[in-house]
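# Remarks on the overall topology
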Amino acid sequence: MKLEAYKTDMQNMKDMAQINEALGAISKVNNDLSIDSARSQFEQAKNAVHSRNLKQQALTELSENPQERLQSELENMSLDDEVNRRLKMLDDSNNKELPS
């Protein structure tokens, strides 16, 4: 009777191990599906944001007056030229003060 009880216990342990193995495999598949689903949702959100950004940028460009934009770019170039001129003057004056 004891031998039969041990055999039954051993069979139960084997069955439990198989059940645990099957549950582990199911859990892994569920995790993989969850990760794939999350990745897919992230990609969809990223694409939506990118699309909305492109649309907003296009609307902004269309609403800008080309002449005003050109004027602004010219002013920025003039400011850059003035900054470069002053830096060159400063550099030249520093070079004159240093003995060779």
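Structural data are supplied above this passage.
Computed from a predicted model, the values in this text were never measured in an experiment. Every chain begins its residue count from 1, and numbering advances along the sequence as written. For a predicted model such as this one, the threshold for reporting local features is a pLDDT of at least 70, and the threshold for listing and counting side-chain atom pairs is 80 or more; totals across whole chains, interfaces and linings nevertheless cover every residue. Values shown for side chains rest on all heavy atoms present in the structure; no hydrogens or waters enter the calculation.

### Examining the overall build of the chain
Only DSSP runs of H or I with at least four residues qualify as helices, and only runs of E with at least two residues qualify as strands; both kinds are numbered from the N terminus onward. Tallying secondary structure elements over the chain gives 2 helices and 0 strands in all. The reference for a compact globule is 2.2 Å times residues^0.38; the radius of gyration itself is calculated from the C-alpha atoms. In terms of C-alpha radius of gyration, the chain reaches 37 Å, well past the compact-globule figure of 13 Å for 100 residues. The buried share of the chain, taken over its 100 residues, is 0%. Using a 1.4 Å probe, accessible areas were evaluated by the Shrake-Rupley method; residue-level cover was limited to the displayed protein chains. Accessible surface computed for the chain: about 9600 Å², of which carbon and sulfur atoms make up 58%. Within this scheme the basic residues Lys and Arg register as positive and the acidic residues Asp and Glu register as negative, but His and the chain ends are omitted. A single reference atom marks each charge: NZ on Lys, CZ on Arg, CG on Asp, CD on Glu. The distance from the centre of the 13 positive side-chain charges to the centre of the 18 negative ones in the chain is 7 Å. Remark: exposure states derive from per-residue accessible area (1.4 Å probe, protein chains only) relative to the maximum for the residue type, with buried under 20%, exposed over 50%, and partly exposed in between.

### Describing the pattern of salt bridges
Where charged atoms of side chains with opposite charge meet at close range, the side chains can pair. Every case where a carboxyl oxygen of Asp or Glu lies within 4 Å of a side-chain nitrogen of Lys or Arg is listed as a salt bridge. Counted under the stated rule, the structure contains 6 salt bridges. In this structure, Lys46 engages Glu43 in a salt bridge whose closest nitrogen and oxygen atoms are separated by 3.6 Å. Of this pair, Lys46 and Glu43 both sit in helix H1 (residues 2-63), 3 residues apart, which is roughly one turn of the helix. Take Lys46: its relative accessible area is 43%, and that puts it in the partly exposed class. Lys88 is the salt-bridge partner of Asp92, the closest N and O atoms lying 3.3 Å from each other. Placement of both Asp92 and Lys88 in helix H2 (residues 66-97) is noted, with a separation of 4 residues, approximately one turn of the helix. Exposure remark for Asp92: the relative accessible area of 32% places this residue in the partly exposed category.

### Quick notes on a nonpolar patch on the surface
On the surface, Met16, Ile19, Leu23 and Ile26 cluster together into a nonpolar patch covering about 390 Å² of accessible area. Considering the arrangement of structural elements, one finds Ile26 in helix H1. Judged by relative accessible area, Ile26 falls into the partly exposed class, the value being 49%. Residues enter patches when their relative accessible area tops 30% and they take part in no salt bridge; the joining distance is 9 Å for like charges and 5 Å for the nonpolar side chains Val, Leu, Ile, Met, Phe, Trp and Tyr.

Purely spatial values, then, with no claim about function.
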